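What follows is the residue order along each chain.
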Amino acid sequence: MARQELKPVEIANGVHWVGALDPDLRMFDLILKTANGTSYNAYVVHGGEGVAVIDTVKEEFSEIYFSKLEQITSYERIKAVILNHLEPDHAGAVPELMRRAPHAHIFVSTRGLKLLQALLKDELENYQYTLTDTGDVCSLGERTLSFINTPYLHWPDTQCTYLEDEKLLFSGDVFGCHFCDDRLYNDLVGDFRFSFEYYFKHIMRPFKRWVLEAMDKIEPLQPRLIAPAHGPILRDNPLEYVKSYRTLSNSYLTKKIDAREKSLLIFYMSAYGATADMAKHIHAGASEIEGVRVSLYDLQGGEIEPFIDLIEGADGLLFGSPTINGDAVKPVWDVLASLISIETRGKLGGAFGSYGWSGEAVRMIEDRLRGLKMRVPERGLRMKFHPTEDELEECHAYGLALAEALAGKAKPKELDFADLQM
Amino acid sequence: MAKGKLTFQDIGVSVSVPAGTRVIEISEKVGAGIIYGCREGDCGTCLMTVVEGAEHLSEPTALEDRVLKENMAGKNMRCACQAQVADEGEIVIKPA
Ligand SMILES: Cc1cc2nc3c(=O)[nH]c(=O)nc-3n(C[C@H](O)[C@H](O)[C@H](O)COP(=O)(O)O)c2cc1C
Ligand code: FES
Ligand SMILES: [Fe+2]
Ligand SMILES: [Fe+2]
């Protein structure tokens, strides 16, 4: 249950929640469902020399936000506007807030400046701002807020803000979830365990590497209270959630393959068996290289969800598709369109396939792999109808070359620009 | 035509290329580890480290200078979508 209370809530000594509840939201950022709605949490910290406002709300909730703000302070008292994240769900009321408190000093991460410019456009020149990095502070007299730069959790700009005297971490989207409950605190609201993990898996998962770096910075603080920008305020056992972020940043597959081994996955589809034969010979070639664990999957027999976990942990991905009506087949695109929730950058990629006369599929897949920031070291194989014995040998050699590249055993190469022109 | 030699240290591939060629035109074809986002000098995704021969790359334009600064790039770093091979020297690069 979530009633929109129109009163600010004091969550710590001289710290108020001035956020808004959005119980009716059912889809967030086009990528995740919100069966329980969400909240946009914003906060005010009171100090001897004025107050700091931390984040705002989605624009349509501005009125609620300003009304709460006005109940506990005046615009004149606002000394600092701290922007932990410039996504519109938190920065929606920033332009209006700055019009009302133009003297306030904005604190935003260095990577956030461009986004701030994009948000405020020409108005930015009317305001003062400071670009923050880890360790920088904002003083309110006897109270100090310090910044922790946590890039890519989940935008380039994201940062956390720490109130030292209360050991209170304003974490932005980090440790947040879409769960709407007016009881506000994690020990009072409904069961939001699923929402917490679901949020991580859709918002933070592509940035696991950065999550682990951020946890290295957050753990030593040992916060007593975590106030995220969505969902419950974590006062009961806050460190549990920090630990959770570490766990969730590990592989979802229970048993790891030997860490020294590289994993190469080969996915294919085949109507008449030609692309399937290519796949099998590529598999055989790749399997000759020690230290590379090669797996072969026919997409006709697979579901996407488990493949994503597998792909996340893999080092190399090959996709085989015949050309059908000038395109690769849909199951291949379905897999390639489902990788938004994981990191693919830097993985090795390749494509192959049989065709009849035009053979567009392979080059289209290769372009997609490059678009996913994968590296494509070998030109993919296209073969007309059923491959000949010689062509199957080529498949074998292709598999071998890719596995060598994966294992770091590729021999140095000298090429001429002309060799690369297609 | 003047040809420079561009070596991608991470994958051990060297390519001789005509002056004026952008690094991006080569690195994607050989499958080097440098990655791209906007491809037009705006985002800094393509930062690379120049291990040797920085003087054989074109001077950064104002556009590249800005994106390098915004991304707090070290002084031996360049944007692979912007930097061009300038002359016949040898250049060694790797992902940032
Ligand atoms: C979850 C999420 C991830 C995003 N990732 C990127 C990104 O990788 N690169 C980018 O340029 N913009 C990214 N954006 C920014 C959006 O493209 C931007 O907010 C845009 O204005 C949204 O347009 P819309 O109002 O039509 O939805 C992302 C936005 C969200 C919500
Ligand atoms: S790819 Fe964006 S700056 Fe080069
Ligand atoms: Fe966000
Ligand atoms: Fe958010």
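Here the residue numbers are simple positions, counted from 1 along each chain's written sequence. Here every chain gets a letter starting at A, and every ligand a number starting at 1, in the order they are written. pLDDT decides what is reported in this predicted model: residues at 70 or higher carry local features, side-chain atom pairs at 80 or more are listed and counted, and totals for whole chains, interfaces and linings draw on all residues regardless. Side-chain metrics rest on all non-hydrogen atoms present in the structure, leaving aside hydrogens and water.

How do you make sense of the interface of chain A and chain B when you look at a structure like this?
Quite often, the size of an interface is put as the accessible area lost when its parts meet. Throughout, a residue-residue contact means that at least one pair of heavy atoms, one from each residue, lies within 4.5 Å. In this assembly, 18 residues from chain A lie in contact with 26 residues from chain B. Buried area: the accessible surface (1.4 Å probe) lost by two parts on joining, summed over both. Summed over both sides, the interface of chain A with chain B buries roughly 1,900 Å², with 54% coming from carbon and sulfur. The largest per-residue losses of area from chain A upon contact with chain B belong to Lys-114, Phe-417 and Leu-420 of chain A, which jointly make up 29% of the total buried on that side. The working definition used for a salt bridge is a side-chain nitrogen of Lys or Arg within 4 Å of a carboxyl oxygen of Asp or Glu. On inspection of chain A and its partner chain B, the count reaches four salt bridges. One salt bridge connects Lys-114 of chain A with Asp-42 of chain B, and the closest N-O pair in it is separated by 2.9 Å. Each polar contact in these results corresponds to two N or O atoms within 3.5 Å; when the atoms are within protein, one needs to be able to donate a hydrogen and the other to accept it, and residues that are neighboring in sequence are counted only if both atoms are side-chain atoms. On the surface where chain A and chain B come into contact, there are 10 residue pairs in polar contact (both at pLDDT 80 or more). Secondary-structure elements contributing two or more residues to the side of chain A that touches chain B are strand 22 (413–416) and helix 13 (417–420) of chain A. The secondary structure listing takes helices from DSSP runs of H or I that are at least 4 residues long and strands from runs of E that are at least 2 residues long, numbered from the N terminus. For the side of chain A that touches chain B, the element with the highest residue contribution is strand 22 of chain A, accounting for four residues. Split by residue class, the side of chain A that touches chain B holds seven nonpolar, two polar and nine charged. Strands are labelled as partners when DSSP assigns at least two bridges between them. Bridging between strand 22 of chain A and strand 2 (residues 13–18) of chain B involves four bridges; their strand directions are parallel. Residue pairing in the sheet places Leu-415 of chain A in a bridge with Val-15 of chain B of strand 2 of chain B. Each residue receives one of three labels: charged for Asp, Glu, Lys and Arg, nonpolar for Ala, Val, Leu, Ile, Met, Phe, Trp, Tyr, Cys and Pro, and polar for the others, Gly being one of them.

Can you help me understand the nonpolar core in this one?
For the purposes of this section, nonpolar cores are sets of buried Ala, Val, Leu, Ile, Met, Phe, Trp, Tyr and Cys residues that join through side-chain atoms within 4.5 Å. Using a 1.4 Å probe on the protein chains alone, a residue whose accessible area is under 20% of its type maximum counts as buried, one over 50% counts as exposed, and one in between counts as partly exposed. Tyr-65, Leu-69, Ile-78, Phe-175 and Tyr-245 of chain A are the most contacted members of the largest nonpolar core, which has 61 residues in total. The element that contributes the greatest number of residues to this core is helix 5 (residues 193–204) of chain A, accounting for five residues. For Tyr-245 of chain A, the contacting residues outside a window of four places in its chain are Asp-173, Val-174, Phe-175, Gly-176, Phe-196, Tyr-199, Phe-200, Met-204, Val-211 and Met-215 of chain A. Ranked by size, the runner-up nonpolar core spans 30 residues in total, among them Val-13, Ala-32, Val-67 and Leu-68 of chain B.

What should I look at first to understand helix 1 (residues 23–30) of chain B in this one?
Helical periodicity: at 3.6 residues per turn, an α-helix aligns residues three or four positions apart in one direction. Residues and elements named next belong to chain B. The buried count for helix 1 comes to six of eight residues, which makes it a mostly enclosed element. For helix 1, every residue scored as buried is listed here: Val-23, Ile-24, Ile-26, Ser-27, Glu-28 and Val-30. Just downstream of helix 1 lies Gly-31, where phi reads positive at about 75°.

Can you help me understand the coordination of the iron ion (ligand 4) in this one?
Six octahedrally arranged donors around a metal ideally form angles of 90 or 180 degrees; four tetrahedrally arranged donors ideally form angles of 109.5 degrees. Residues and elements named next belong to chain A. Nitrogen, oxygen and sulfur within 2.8 Å of a metal are treated as its donors, or within 3.2 Å for sodium, potassium and calcium (Na, K, Ca); water is not counted, so a site can appear incomplete. Ligation of the iron ion (ligand 4) by protein atoms is provided by Asp-89 (OD), His-90 (NE2), Asp-173 (OD) and His-230 (NE2), these donors lying 2.1 to 2.3 Å from the ion. The motif formed by the donor residues of the iron ion (ligand 4), counted along the single chain, is D-H-x82-D-x56-H. Separating the iron ion (ligand 4) from the iron ion (ligand 3) is a gap of 3.3 Å, bridged by Asp-173, which donates to each. Placement of the pair is Asp-89 in helix 2 (residues 88–91) and Asp-173 in the loop between strand 15 (168–172) and helix 5, with a sequence separation of 84 residues. The exposure class of Asp-89 is buried, given its relative accessible area of 5%. A residue is classified by how much of its surface remains accessible, and Asp-173, at 2% relative accessible area, is buried.

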